[in-house]
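The residues making up each chain are set out below.
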Amino acid sequence: MNFDLLFHDISWESQKMFLQQTLGHPLLLAKPISWSYQAAFLRVAIETLEKNTPEVHEDFYTEYLRLQQLASLEQTHVYKHYRVPQSDKLISVRESPKLFCDGTTGLRTWASSIALCEWFVHNLTDLSQKTLLELGAGVGMAGIMLGQMVENCNIHLTDFHEKVLGILEENVCANPPANSNNLIVSQLDWNSEADYERLSKTCCPDVVYAADVIYDSDLFPALCRLILLETVE
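Residues numbered from 1 in each chain as written. Predicted model: local features only at pLDDT ≥ 70, side-chain atom pairs only at ≥ 80, totals over all residues. Heavy atoms only, no water.

**Let's talk about the overall build of the chain**
Here is step 1: Of regular secondary structure, the chain possesses 11 helices and six strands.
Here is step 2: Projecting the C-alpha coordinates of the chain onto the three principal axes gives extents of approximately 70 × 35 × 25 Å.
Here is step 3: When burial is assessed residue by residue, the chain has 45% of its 233 residues classed as buried.
Here is step 4: Taking all contacts inside the chain whose residues are at least 6 apart in sequence as the whole, residues at least 24 apart take part in 67%.
Here is step 5: For the chain, the accessible surface area stands at approximately 12900 Å², while carbon and sulfur atoms represent 53% of it.
Here is step 6: One way to put it: in the chain the 16 positive side-chain charges average out to a point 3 Å from where the 31 negative ones average out. (Helix = DSSP H or I, 4+ residues; strand = E, 2+ residues; numbered from the N terminus. Buried < 20%, exposed > 50% of the residue type's maximum accessible area, 1.4 Å probe, protein only. Contact = heavy atoms within 4.5 Å. Areas by Shrake-Rupley, 256 points an atom, 1.4 Å probe, with all protein chains shown as cover. Lys, Arg positive; Asp, Glu negative; His and termini not counted. Charge placed at Lys NZ, Arg CZ, Asp CG, Glu CD.)

Right under this line is the structure:
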């Protein structure tokens, strides 16, 4: 966002409207992103306004102080909002603000999921009308986004950590798929024969995909074995 261009000779009323349509948007009020991020966003906006306008609307300072106070508190969860490509739809994903929480890295969205979604956009024809299996789905951003873009697909989102599965299920319920797609959440421990057998009864995938699911080299054998099993079947 180019604040210098946006705030050039901006009126008092337009400043207020800017606040209402950004940090005061109903979606952000209902499902807030990180308070520290909001405070940083507003700080840059205020600094730019002070350079480009004779007077900054007082609501900017009031809101900034409020966010600074909130940012000093610990948030147990935050939301991130993503626009579906070539659409006016948004998806909202609840996640942890921490990189590592409850013994797992799976409680937040990583940049690799965004990169995976970019790959989806260029391969929708090959992915539509298929059964798809995601390994290490985490909080579900990639699979939920895929469920908005493809057509007539059964998309199985899997993970093994109990808390991750709980948030994954919540995010899937909050973002119903489009275009006659189905999103199915399942537990899958790559080392568990029982999990694999249970999943194989309902899922015979045409495509298996994953993004940044290996953080420990000891997991490679289990991942390779699982992919080989899916390929053979």
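Alright, that's what it looks like, and here's the rest.
**Focus: the packing of aromatic side chains**
Here is step 1: This structure, assessed with the given rule, holds eight aromatic pairs.
Here is step 2: Judged by centre distance (6.2 Å) and plane angle (10°), the rings of phenylalanine 18 and phenylalanine 41 are stacked. In this pair, phenylalanine 18 is assigned in helix 2 (residues 12-21) and phenylalanine 41 in helix 4 (residues 35-52), connecting sequence segments 23 residues apart.
Here is step 3: Between the aromatic rings of phenylalanine 120 and tyrosine 209, the centroid separation amounts to 5.3 Å while the plane-to-plane angle is 85°, which identifies the pairing as edge-to-face. Of this pair, phenylalanine 120 sits in helix 6 (residues 111-121) while tyrosine 209 sits in strand 6 (residues 207-209), placing them 89 residues apart in sequence. Each member of the pair, phenylalanine 120 as well as tyrosine 209, is classed as buried.
Here is step 4: Ring pairs connect the aromatic residues Phe3, Phe7, Phe18, Phe41 and Phe60, which therefore count as one cluster.
Here is step 5: Geometry around tryptophan 110 places arginine 108 over its ring, the cationic atom sitting 5.3 Å from the centre. (Phe/Tyr/Trp six-rings, centres within 6.5 Å; stacked < 30°, edge-to-face > 60°. Lys NZ or Arg CZ within 6 Å of the ring centre and 35° of its normal.)

**Description of helix 5 (residues 58-71)**
Here is step 1: Compared with the 20 Å implied by 1.5 Å per residue over 14 residues, the 20 Å span of helix 5 between its first and last C-alpha is a close match.
Here is step 2: Within helix 5, the full set of buried residues consists of Phe60, Glu63, Tyr64, Leu67 and Leu70. The buried side chains of helix 5 occupy one side of the element, clustering within an arc of 125° when seen end-on. Opposite the buried face of helix 5, at more than 90 degrees from it, the exposed residues are Glu58, Thr62, Leu65 and Gln69.
Here is step 3: Turning to helix 5, the residues buried within the fold contact helix 2 and helix 4. (Expected span 1.5 Å × (residues − 1). Arc of directions from axis to C-beta.)

**Quick notes on a nonpolar patch on the surface**
Here is step 1: A surface patch of nonpolar side chains, about 320 Å² in accessible area, is lined by Leu99, Phe100 and Trp110.
Here is step 2: Here leucine 99 shows up in the loop between strand 2 (90-95) and helix 6.
Here is step 3: Judged by relative accessible area, leucine 99 falls into the exposed class, the value being 53%. (Patch = residues over 30% accessible without salt bridge, like charges linked within 9 Å, V, L, I, M, F, W, Y side chains within 5 Å. Salt bridge = Lys/Arg side-chain N within 4 Å of Asp/Glu carboxyl O.)

**Details of the nonpolar core**
Here is step 1: Among the nonpolar cores identified, the biggest contains 33 residues, and Phe120, Leu132, Met145, Leu146, Ile155, Leu157 and Tyr209 are the most heavily contacted of them.
Here is step 2: Elements with a contribution of two residues or more to this core: strand 2, helix 6, helix 7 (124-127), helix 8 (141-149), strand 4 (154-159), helix 9 (162-174) and strand 6.
Here is step 3: Broken down by element, the residue count for this core peaks at six residues, all from helix 8.
Here is step 4: The contacts of tyrosine 209, once residues within four sequence positions are left out, are Leu116, Phe120, Leu132, Leu133, Glu134, Leu135, Gly143, Leu146, Ile155 and Leu157.
Here is step 5: Formed by 19 residues, the second largest nonpolar core is a distinct cluster that contains Ile10, Phe18, Leu49 and Val56. (Core = buried A, V, L, I, M, F, W, Y, C linked by side-chain atoms within 4.5 Å.)

**Observations regarding the sheet that holds strand 5 (residues 182-187)**
The strands making up a sheet associate through backbone hydrogen bonding, with each pair oriented either parallel or antiparallel.
Here is step 1: If you walk across this open sheet you meet the four strands as 5-4-3-6, and the pairing is parallel. Strands with a single pairing partner mark the edges of an open sheet, and in this sheet they are strand 5 and strand 6. The average undirected angle you get between the axes of adjacent strands in this sheet is 20°.
Here is step 2: Here strand 3 (residues 131-134) pairs with strand 6 via three bridges, running parallel. When the bridges of strand 6 are listed, leucine 133 appears paired with valine 208. (Pairing = 2+ DSSP bridges. Axes fitted to C-alpha atoms, helices over the stretch in contact; angles between N-to-C directions.)

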